Every structure is written in C-alpha cells, then in structure tokens.
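Geometric and topological summary
These are the residues of each chain, in order.
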Number of protein chains: 2
Amino acid sequence: GSGLLAAERAKSNLPVGRLSELLFTKEVLNRKQRVLDVLKSEKVFDKSQNYFAGRIDRFGTALARAKKLRNLRLKHGWDLEDFRTANELVSEPGPYALHDSMFLVTIKEQGTPEQHDLFLKKAEKHGIIGCYAQTELGHGSNVRGLETTATWNPEDKTFTMHSPYLTASKWWIGSLGKTANYAVVMAQLIIDGKSYGPHPFVMQIRDLKTHEPLENIHVGDIGPKFGYNTMDNGFLLFKNVKIPHIGMLARFSRVDPKSNKYVRRGSPFLVYGTLTWIRSTIVMQAGGVLARGVTIATRYSAIRRQFQDRDAREWEGGENQVLNYTMVQIRLLPLLAATFALHFTGKSMMNLYQENQKKMNAGIANADSSKRGAGPEETESGSDLLADLHATSCGLKALSSTIAAEGLEVCRRACGGHGYSSFSGIGPWYADYLPTTTWEGDNYMLTQQVARYLLKSARSVLNNNAPTNDTTRILKDFRSRADIGCAFDILGSDCDLVSAFAWRVSFLTFEVLKHRDEQKKAWNDLLVDFYRLSKAHSQFMVVKNFHSALSENSTREKLDDDTLQIMHKLFRLFALHTLEQEGSEFFASGACTVKQISLARTNAVMKLLQDIRPHAVGLVDAWAFDDWVLDSSLGRKDGKVYEDMFYRASELNPLNWITVDPYPDSEVLFRRDERSKL
Amino acid sequence: GSGLLAAERAKSNLPVGRLSELLFTKEVLNRKQRVLDVLKSEKVFDKSQNYFAGRIDRFGTALARAKKLRNLRLKHGWDLEDFRTANELVSEPGPYALHDSMFLVTIKEQGTPEQHDLFLKKAEKHGIIGCYAQTELGHGSNVRGLETTATWNPEDKTFTMHSPYLTASKWWIGSLGKTANYAVVMAQLIIDGKSYGPHPFVMQIRDLKTHEPLENIHVGDIGPKFGYNTMDNGFLLFKNVKIPHIGMLARFSRVDPKSNKYVRRGSPFLVYGTLTWIRSTIVMQAGGVLARGVTIATRYSAIRRQFQDRDAREWEGGENQVLNYTMVQIRLLPLLAATFALHFTGKSMMNLYQENQKKMNAGIANADSSKRGAGPEETESGSDLLADLHATSCGLKALSSTIAAEGLEVCRRACGGHGYSSFSGIGPWYADYLPTTTWEGDNYMLTQQVARYLLKSARSVLNNNAPTNDTTRILKDFRSRADIGCAFDILGSDCDLVSAFAWRVSFLTFEVLKHRDEQKKAWNDLLVDFYRLSKAHSQFMVVKNFHSALSENSTREKLDDDTLQIMHKLFRLFALHTLEQEGSEFFASGACTVKQISLARTNAVMKLLQDIRPHAVGLVDAWAFDDWVLDSSLGRKDGKVYEDMFYRASELNPLNWITVDPYPDSEVLFRRDERSKL
Ligand SMILES: Cc1cc2nc3c(=O)[nH]c(=O)nc-3n(C[C@H](O)[C@H](O)[C@H](O)COP(=O)(O)OP(=O)(O)OC[C@H]3O[C@@H](n4cnc5c(N)ncnc54)[C@H](O)[C@@H]3O)c2cc1C
Ligand SMILES: Cc1cc2nc3c(=O)[nH]c(=O)nc-3n(C[C@H](O)[C@H](O)[C@H](O)COP(=O)(O)OP(=O)(O)OC[C@H]3O[C@@H](n4cnc5c(N)ncnc54)[C@H](O)[C@@H]3O)c2cc1C
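Values in this document were obtained by computation on a predicted structure and should not be read as measured data.

Before going further, it helps to spend a moment on the sheet that holds strand β4 (residues 170–173) of chain B. Overall, antiparallel pairing links the 3 strands, which are arranged β4-β8-β7 (chain B) in an open sheet. Each edge of the sheet is formed by a strand with only one pairing partner; in this case those strands are β4 and β7 (217–221) of chain B. The sheet shows a mean angle of 15° between the axes of neighbouring strands, direction not considered. Here β4(B) runs beside strand β8 (residues 234–238) of chain B; their pairing, made up of 2 bridges, is antiparallel. The residue bridging B:I173 from the neighbouring strand is B:G234, located in β8(B). Packing against the sheet, helix α22 (residues 641–652) of chain A makes contact with β4, β7 and β8 of chain B, and its axis sits at approximately 105° to β8(B).

The structure is reproduced here in structure tokens:
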C-alpha cells in the first residue's frame, strides 16, 4: 500500500500545501494542528474502542469528552473558533452540543438583559446545562402545530407548562435525554383562553444537585438511532408545571404582568437571520463532510488492486489499481469535484450573509420569532433584502446535504466489501451525518420555499420591474431571449456552461409559473415540479459560485497555472456531469442540444476523468485530514490499509477475547470470556 | 393513528387477502403463520432488546437463536422450506447461516461420495460446523488472484495450506469468526511448482472439544460492520498447515495420489447453475426486502399528519396526512410498484431457471469450478443455453438489489425525523441488506458481464444468425426497423410501453458495439457505457416480466377486474416513472419524443399517483408482514405509532436506568446505574 500512494504522490506536481491554504488559510491550518496536538495527548480522546463500544459506553465516553473539551477550553484559553475546531476534530456529536449552540444562542438572542443575568451567566459557566426543545412526537416541520401549552396565570403571574397529549411530548431533543437540567421549551402561549402561537420558555427540568427530574416532569432518552448514538436525544412531558413570569424569553414579545396582555416589541430579525446562517453553515460544511469519504475512497482505490486490465498485454502483468477503472472514476471523481464546488459555494454564502448582516441590523425585517428552530418556517420572507439569500440558503442546504450524504454512501460502496467494515470510517460518519438531510428544514420541504421565491421573482419580472438581484436578472435575461433561443457552447466555454444552468432554471421557473398562475394548478399538485425547480436553481448556484471562485484574483494569485488548470477541470467535471445527469431538463429547455449532451458524456467527461486521475490523491491530500481525524483503515495517509485492518480486528476487537460453544445441543453460549484482559 | 389506518382500509375495496395469495399462495401463507406461532412462543426470539443491545450481546443472542432454530427444526420436523421460512421471519443473519448454506452446498455439489460420508453426514447433524472461505483481505472479486496456497506434497500425499502474505488472510468469512470449526477454503492448488488455480478444500480449523484454533491457524472475528453484526465474519491465516488428500473436494478435479498429476473429471455445470440460482434468489427476494420499508413508510405516512393543505379553505381544518402530499407519493408509490415488479420478475427468473435445469443436467456446460462463490466470475459463459439466463441474472441481481437498498433509504427518509430512530425498523434492516449490492458479484462489475453478452448477441444478429432467444429477437427487430424508426404510444398502450424499453436497450447495444468493434475503444473506456447498457437491459426485463405476469391467465383468474386495474396502474407507474428518470436515453434512442416524456411526467405519473393513493395501505397490507416480523413502531398494522415509540423509549431503553453527573467539573459520569433492575 505505502509504495502505491508514494508513487501517486510522486506522479503529480500538484502543490498540495498551497491548495490546502487556498481552502482553509494558513491560520486555520495552524489552529487545527495546535488543537489537534492537545487532543491527541489526552487519553479520553483515544478512539481505538469507538467502533466497538455499545451505545451506553459510547455515550459515557462522549460525556467524558465533552467535559474534557470544556476544561481544555478553560485551561488553554481557547477562543470560540478553537473550541469549534476541537469539536470538529473529535468528530462526534457530544452531550453538550445543544447547550453550547442553540441553548446559549436562543437565550442570548431572545432574552432580555435581565434574563441574560439570570440564565446566560450560569449557562456559560456550565452551572446549568441546557437544550433546545422544539420538536414533539407529533410535530416537527410544522412548528405552528406544536401542542405543548404555556398558559398564563394572571392570579400568581406564572405560566403553566403542560403536555395535553402523548403527541405533545418533546422528542428528539439533543442533550435532553440524560444531560440537561434546563431547557428552552417552545410552547403555545395561551392568555385568557386565546393562543398566541409558539414562544420560547426557559425552565428547569432536573434537580441541580441530584439531577433527578423535577416533579411532574417525565424526561428521558428516546433510544438508539441509525447514528448519533453519542448524543442523548430526549423526550419531555409536563403535567401542569408552573414556571415564573421571567421564564418566557421576552426580548421580542412578552406578557405584561399588570395588564395580562400580550405585548410585541420590535421584530426578531436577528432570529430570522440565524436560520439563514445555520443553513449557510450546512452548505459550507457539506464540502468537508463529503471530502472525508472521498479522501478515504480515493486513497483506498489507489492501493486496492483487482484484476488485470482486460486489454492489457500479458507481459504488462500485475493487477490494476481499481482507481484506474473508469467505472470507479465516474463514481469518485465527480464527487471529488463536488467537494470543492460545495466548499467555494459555502464560502460565498457566508460572505453574502455577512454583507447582509449590516443591512439586517438596520432592522428592516418583520418576521415571527416562533419560526425559529429545526423546522422550515412557512413564513413569507420578512425582508426583501434577505429574501434572495434566504431562498438560496434553503435550496443550497437541501442540495448540498443531499450531495454529501448520498455521496458518502457512493464512496463507501466504491470500496467494495471493505467499505462495509466500520474500520472504513465512512459508514459511521455517514450515519451521523444523515439527519442533516432532515433537520433545519427537511430537504424535500425546503424546496417549496425556493419555488415560492422564484415564482415571486418571476411575477415581478413579468410585471416589468427592474431586476434587483441575480435571480431576477437571469429571469429577465431569459425573458428577453426566450423567443430567440440560445446557443451555448457548453463544451468550449466555461461561461456558457454557467449560462446554460441559468437558462434551464429560468425556463423551469416560467413553466411552473404557468402551471400555477395560468392553469391554476393546486399547490399540492406542483410539489414535484417545485422540487425539480429548486434543485435546478441550487445546481446553478453551485456551478456559478465554483466558477466565480476560480475567476477571482485572490484565487488566481494563490495558484500556479497548472493547478488553476486542474481546478478548472474539476469545475467542468462537476458542471458537465451534473448537466449530463439532468440531461432531459437541459434539452427540454433548449439550453443545449441532444448532441451536446451526448458529447459531454462520451467525450468531455471521460477525458476529464483521465486528466484528473493522476492528481486524485494529491487533490484529496489537499483537504488535509489527519489520520487521527479520519479514523479509517482504508483512508490511511501512508496506505497501510491491510496492516491496520488486521491490527484492529485481531488486537482491538473484544469479541476475540471470547470463545463460544458452537454446538446446538449445548445451551452454553460463551464458554470463555477474557474481555477483562483487554 | 388507529382511526386513520382503519379509515384507509375502509376506503379501499382491494381484496387484500386475495392479493396476498397471488403473491405467495395460500400454502406459503399458512406455512408462515404456522412457523411464526412457534417462534413467537419461544423466549429466545423475543425482539424487545434487539435495538438496544451492543455487538457482543447481539451476537450471543443470535447464536442462541441459531441453536434454537436447529432444535425446533428437529422437534417440529420442519422441512427445508419451513426452516428457511423460520430464518426469514427471524430476519437477522445468524452464526449458522453459512454452515446451512454454502458449506453444505459446496460439499454436496463438489464432493465425492466418500467425502459426503466423511464430512456431509457430520455436518448435517451439526457435529461439525462450517463456513465458506473464499474472499481474502487482498482479493474478493478477482477469485483467480487468491493468494492462499494448497501445495501438494507427493511424499506423504498431503496438501500444505499456507498464507504467504498478510493479504492472503481469509476475510469476511461468515460464521468463521467465532462459530465454525470447519471451513471450505478456496486456495491455489500447486503441484510441482505449478499453479492450477483456485480449488475448494475442506479442513478443520478449531478443536472439536475445546473450540480453540488448531496449531498454526490464526482465526478470529473481523470486527464491527455497518450492519450484519449478529454474524461473526472472520479472518483466517495458515502457517503451513497440512491436511490429508481427502481434503480437496474432488468431484470435478483431483490430484491423483499415484501419479501426482492433476486430473479433471466432468465439468461442474451444476456449480455454474448455482451461481445463477443464487442471483435469481436475490432478485426474487428484492421485492420483499423493499416491501418492508414501503410497508412501514406507507403506513406511517398515512397516520402522520403535518400542516394544512395550502390551498385548503380555513374551515376544512385539520392537518393533512403526509401521504396526501404528492412529494411524498412520488417517493413512495413508485417503490410500492417496484415491490410487485421485482416480485414477479424474480418469480419468472426462478421458473426459467427450473426449466433450464433439465437441459443443464444433460451436461452441456463446460465451466471452471474455481469461479464459484462470492465474486463475479470472469468466465465466458459455459453454455449457450444458459448464457441468456446467466446474463439476465447478473443484470437483474445488480438492478434489483440496488433498487431495494436505495429504496429502503428513501422510505426511511420519507418518515422524517422518526425514520432515523432504530424503532422505525427501516435503518437496521437496510444496514443488514446493504452487502447484497456488493457480494455475489459487485453490482457495478456484474454489468460488464451483461454487456459482454449483449455485444455477443448483437454480433450474432449482425451476422444474420436467426434469433435463438428473447434478446437476439429484440435486437433483430430493432435492426429491421432502425432506419424506419418507431412510434410507440407509451401513454396509450402497455405493449408499446414495453416495446419502448426494448427499443432503447437495442439502440444502446448497437451504439456500444460500434464503440467497441468499429472504433476499437478500450474495454476500460467503455465501462460506464456497459453500466448504462446493463441497467437498460435489466429495466426492460423487469417491465416485461411485470407486464407478462399481469397478462397471464393464472393471474387474471385470481383477481377481479378492479384489482387487475390497480395492478396495471402499478405497472404503468413503475414503467413510466423509470422511463421519465431515464428520459434522455429514451429520447436519444428515438424510443419516444420529448413531448411524450414530458406528458408522462406531468400528467400520466401524477394521475397514477392519485389513482393508486387510496389503495396504498391495502397494497402494502397485501405483503402480509406480521408486526412481529417488522419490529417497527412506525409500521404497526394498528397505527399505534406514538404509543409504541414512547413505550420503547421509556420502558425498554436501558439508558434510562442511568443517572449521569452532568457537570464538567465532576469526573463522575454515571452517578446511578440501575440497569440491573431492568
Ligand atoms: C438526530 C436528530 C436530532 C434532532 N435534534 C433536535 C433538537 O435538538 N431540537 C429539536 O427541537 N428538534 C430536533 N430534531 C427534530 C428535527 O428538527 C425534525 O425531525 C425535523 O424538523 C423533521 O420534522 P418531522 O420529523 O416532523 O418530519 P415530518 O414533517 O413529519 O415529515 C415527514 C414526511 O412528510 C413530508 N412532509 C411533511 N410536511 C409536508 C408538506 N407540507 N409538503 C410535502 N411534504 C411534507 C416530509 O418531507 C417527510 O418526508 C432532531 C432530529 C433528529 C433526527
Ligand atoms: C457482510 C459480508 C459478508 C461476506 N461473506 C463472505 C463469505 O462468507 N465468504 C466469502 O468468501 N466472502 C464473503 N464476503 C466477501 C464478498 O464476497 C466480497 O467483498 C465481494 O465479492 C466484493 O469483493 P471485494 O471486496 O474484493 O471488492 P473489490 O473487487 O476490491 O472492489 C473494490 C472496488 O473496485 C471496483 N472494481 C474492482 N474490479 C473492477 C473491474 N475489473 N472493473 C471495474 N471496477 C472494478 C468495484 O466495483 C469496487 O467499487 C462478504 C462480504 C461482506 C461485506
């Protein structure tokens, strides 16, 4: 194995370090290394039993790690970025995750200064440990449908928290199952028999000393999951539990204790922005998430040899690296291209988000705070300035997490039988990542929001309004040329390739608009079209952003010409492979001819695979994953795949400390169990 | 939940029982019930801790179950079908699985009567317990590349079994890790320094009393996997281990102990047929495998309500069953159609196989016994009679297991957040099924064999040979009309729909043939085309078989007209949805127009969803899964989803018997652990 990877690296002149710096910056790379050194030196982060341990042991270890991370943060004076980096390197969801994120953020953003004093300070010191309890057994996506009630009691100025049905039980709440003693609870605010919709309440749920549940609170862990088993997702039921007036997070709305009236103050535009921010983070991370699988599968395919090339002459001998088979390349290399495409797209989303923050802070938006959280909000966009960013983030969240999740499984399967071993490192990672396709807006449902926005934009174009952003601009361009048609040289010009994606999404938008506005089709009958539309729009965004990133001066300065060439090839591979997969839409929209699509497939893509192949190992090396982070036998940087597989199986595997009684006539199962010696 | 499912069942007039009988026959349904009753009454099959237990406990329980199944078989005098049914109902791979299948079958088929006496008799009584050890750390697909050697020693008439490299270690061998004391080992036969390729050897590996490994044998479990954790897949290394002459399975080839020469006798056509049989079984099972996920997701979608219909008037109130959303329907209903499509295809493959058995038994074939087993054999088809069946089984194995595996994940995701819980029952089932896409021929690699066969058939047609089977017939038809073109009424005629699939595969075959024979493209450069070709051919086979099954008198007699109508709609849904997904190939081949494809998508498929929707619950009920088998909260027949989720989480979940210490300053993790009370 080692020899083969060394040869791969020698074969390519790719400046791997420079490429890593382009992706991450030197500063971030240094930070990673610094934090990694600390983690590696702590025994609790030893990963050797991760793949063997059962649920409860894994959870216990995860709790120990969460505690240690917090203590290391204090000890080394880590800032927030250091701390995030540490969590990322540990690469498993831990029992403080929701405390550190949604619990703190929600109190910070939606609490009053008084509430900050009361809750935030303690929380920041881990004097209390919290979670974010929105989803219920019966309701996730539809936040308005939550059944938990918070009823205002004018007599004693308290709220009564209650779960009227079993389906009102909070469910899936990260860190709630075992760890949290506090929770932000989303509940229907009821004053004088009238419901004001879901609002956030901070409340204690377990005793701070004994850690036992408080009276009339039924709380626990929801059980094993496909992945995410280091996290204690929990359930929570209330039987008329009273909490004080201060429990309702009151920055944007409150109950006036004197008049017993509901009072709104200001608008939670920050909250609205947070949602966009979270989704942008998911887009940003998707590239790196996928890059793990691609790194593992690419390195393994370069050391795995199987069969001789069928056309090879006898004397050429030796078995072929499976990475040389085009059927392996077509599975892995477009995903390799996708890692970069998603990375650059995420970066540009983040930049856009930051630019918009300023405008947002001016307080233009007018959205509803109850929409915060895991489900997709069914609200109309509150701010015109934000609308484009919001819609784009919905669509890209859906597309990028789907590409990453499904791509990881492609990588796993590309490794053949060994991909199925936990030691491949892909399966466990994939299983932990999967919920990203469901939370922060189910990927299928988010597409409705993108479509709604595109329809609105198209109507505005039809009304001859001047374009105000990219979306209206491409729609306008399309309208002006719809009768003339187009003739994009998708194989010869990168700009034309991007334009073909714009053309297709514009075409689809006006098609769908016709269905909705002219043919008056029911919303429900259009959901499948919306999904396609959203996918088309998001693919356009990714292609466009990848292309722009490569055209920027800042990029061109950092890379030599050869490397820039390879990056352009990755761009074309991603774009043409996507175009070919969606061929019938491109053709139907007139964005290109059948002949072009067929040439893209049989010539252009195959040629790109061939050109990129020699640099495949270098390109994944640029993602700079440490072996400790990957925790994969197949993805080892030194190629010692088989040695590592064997070592883990024979030396670390506790099942091998047991001898069974194999005969059906004996009721004895384990006749010797020496696990204690391990 | 209950009310909603009852309403669904009341709404549809589908004769569920009759449909079940069509799928399975009354006899099989009765058998299932009879065996199920026995299993349910045995404590060891209690499933309540399945989702909670760690690897070692699960393996221990699986061993206990395997023992019990064998004892029940004796006690109740179960025949082979009863026993298979019992294993299917238990629904987890167990430690005797390879003993009961490949170990016994290989000895039976490849052993001499003497070897049957020596090994088979003991094995059938579980006096010895075996496995099938072919794959190695370094070689799976490429069986010829195996490195384990069996060197003939003329002096003492023995073989020396040896693993010259670490990569020669047997790996992935089911039942070997802990359970087996015997193994069929595939090893390179070496006589007088010359290798004769891989041959099967029977040998003892563990002591029959102590169950400790014999001298110079290193054997153990390979560790945790993505699924299949109730099975002890193992590794095995030899250091010059001698076995007697009788160890080499000698029905088809042997070493003559007198002359020390390699002797072939007869040809292992049976073995060759077995491969086809195994693949046909996979096709047959794929429908049922997928049907579990579809049953669960469909029932859950009928009780899950989320959001009001956006176009609904206020006073219509209430939340919508998510099964009413077209975006949910388009994910589930084509898969529902696929369950039937695959089932009927599998059945017809099995029939074809049985018909061919007779011809095979005449001994026409001439294949190589070393090709047996898990990898796809790179052999030319040994028998012209079998070639079509063989190629078809390769392609269909790949297509059907891909549809089933990927379909299960679609079902899981369609359940939103709750799909991620182990209690959904889909995830664990999916994880156990996944290796089917990799073993018995990696799904990507098998497509090369299909393509090779189609190319051969096309050459024969070009040479003006008369068609000898269905494949050459459709190729010939296509040739005769290639210049004229076609005009299939895919939306109006079911026969035309089937013909469109035939047209497309014929078109692609001749395209690829041009690339290979005229343009002399390298084999490796065509792998992606081969993959597409194989997929097209297999999709044609499924569509054709589904259609034929519905046209048969035996089917038409069993179903009333309404039900037959619905089955035809399922056929059309499967065919048109597939066609639409592969639109650009259908269009490029001229099999239909862009307009037709667009109508198929926007009109025909949407209308079919609407028509099938009312019968969705009835159709999955027809698959007749007992709740005990599904072991799913979401898929409960009575719809008590939330109650069951809650019960499992709060009552069965061992993590809830633990109280943690949540504070980072405390090193205590579990401060109270009352699991023993559970
Ligand atoms: C590992 C994990 C951790 C989580 N952590 C937290 C947490 O800490 N706090 C918290 O509050 N929540 C948490 N959640 C919950 C998560 O946010 C929800 O599961 C998610 O929002 C999906 O909602 P749902 O489960 O209700 O799906 P549903 O809305 O029930 O979706 C079911 C199906 O119906 C479809 N569907 C629903 N409505 C429509 C519609 N209008 N149109 C078309 N299709 C529709 C969906 O696409 C889906 O296929 C977590 C979930 C998971 C899996
Ligand atoms: C759960 C499980 C149980 C098993 N049980 C047994 C058992 O009991 N006994 C036993 O003997 N084996 C067993 N196996 C092994 C199994 O049969 C092999 O893993 C399988 O045959 C795949 O071979 P491989 O792992 O060598 O894949 P590889 O051949 O290494 O494939 C790796 C990758 O290369 C690609 N590739 C390889 N060659 C080519 C080519 N020529 N052209 C194009 N692409 C190519 C493949 O598509 C794949 O993507 C088991 C495996 C699993 C996962």
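The discussion continues.
It is worth spelling out the nonpolar core at this point. Membership of the largest hydrophobic core comes to 361 residues, with the highest contact counts inside it found for A:L39, A:F340, B:L39 and B:F340. If we skip the residues at most four places from it in the chain, A:F340 touches A:L23, A:F546, A:M567, A:L570, A:L619 and A:W623.

Residues and elements named next belong to chain B. One way to put it is that helix α12 (residues 443–462) packs onto helix α13 (residues 470–481) with a least axis distance of 9 Å and a crossing angle of 55°. With respect to α13, the element α12 is oriented oblique. As for the relative orientation of α12 and α13, their crossing is right-handed in sense. Touching Y453, L454, S457, A458, S460, V461 and L462 of α12 are T471, T472, L475, K476 and R479, all from α13.

Locating A:N71 in the fold gives a position in helix α4 (residues 55–76). Residue A:N71 is classed as partly exposed on the basis of its relative accessible area of 26%. Excluding its chain neighbours within four sequence positions, the residues that come into contact with A:N71 are B:P664 and B:D665.

All names here are of chain B. Per the stated rule, a full pass over the model turns up 88 salt bridges over all chains. Among the salt bridges present, the one from E92 reaches R58, with a minimum N-O distance of 2.8 Å. Within this pair, whereas E92 is found in the loop between α5 (80–90) and α6 (97–110), its partner R58 is found in helix α4 (residues 55–76), the two being separated by 34 residues in sequence. Of the residues examined, E92 reaches a relative accessible area of 12% and is grouped as buried.

Turning next to the interface of chain B and chain A. Listed as interface residues are 130 residues of chain B and, on the opposing side, 130 residues of chain A. Buried surface at the junction of chain B and chain A, summed over both partners, amounts to about 11,200 Å²; 60% is from carbon and sulfur atoms. Taken together, the links from chain B to chain A amount to 10 salt bridges. At the junction of chain B with chain A, the criterion picks out 73 residue pairs in polar contact (both at pLDDT 80 or more). Looking at the side of chain B that touches chain A, the element that brings in the most residues is α4(B), giving 9 residues. Here the side of chain B that touches chain A is composed, by residue class, of 54 nonpolar, 40 polar and 36 charged.

The rules we used
- Throughout, residues of each chain are indexed from 1 in the direction in which the sequence is written.
- Naming scheme: in the order in which they are written, chains are lettered from A and ligands are numbered from 1.
- Predicted model: local features are reported for residues with pLDDT of at least 70 only, side-chain atom pairs are reported and counted for 80 or more only, and whole-chain, interface and lining totals are derived from all residues.
- Just so you know, side-chain values use all the structure's heavy atoms and leave hydrogens and water out.
- If DSSP finds at least two bridges between two strands, the strands pair.
- The helix count covers DSSP runs of H or I at least four residues long, the strand count covers runs of E at least two residues long, and both are numbered beginning at the N terminus.
- Between N-to-C directions, angles span 0 to 180 degrees; the directions come from axes that are lines fitted to C-alpha atoms, helices contributing only their stretch in contact.
- Any two residues whose heavy atoms approach within 4.5 Å at even a single point are treated as in contact.
- Take the buried Ala, Val, Leu, Ile, Met, Phe, Trp, Tyr and Cys residues and link them wherever side-chain atoms come within 4.5 Å; each set so joined is a nonpolar core.
- Residue burial is assigned from relative accessible area. The probe radius is 1.4 Å, only protein chains are included, and a residue is buried under 20% of its type maximum, exposed over 50%, and partly exposed in between.
- Working rule for angles: under 35 degrees goes down as roughly parallel, over 145 as roughly antiparallel, 65 to 115 as roughly perpendicular, anything else as oblique.
- With the far helix as reference, a near helix turned anticlockwise by less than a right angle produces a left-handed crossing, and one turned clockwise produces a right-handed crossing.
- The salt bridge definition used is simple: a Lys or Arg side-chain nitrogen within 4 Å of an Asp or Glu carboxyl oxygen.
- Two parts placed together each lose some accessible area under a 1.4 Å probe, and the buried area is that loss summed for both.
- Pairs of N or O atoms are called polar contacts if they sit within 3.5 Å, as long as, within protein, a hydrogen donor faces a hydrogen acceptor (for residues adjacent in sequence, only side-chain-to-side-chain pairs).
- Any residue that is not Ala, Val, Leu, Ile, Met, Phe, Trp, Tyr, Cys, Pro, Asp, Glu, Lys or Arg is counted as polar, Gly included; the first ten are nonpolar and the last four charged.

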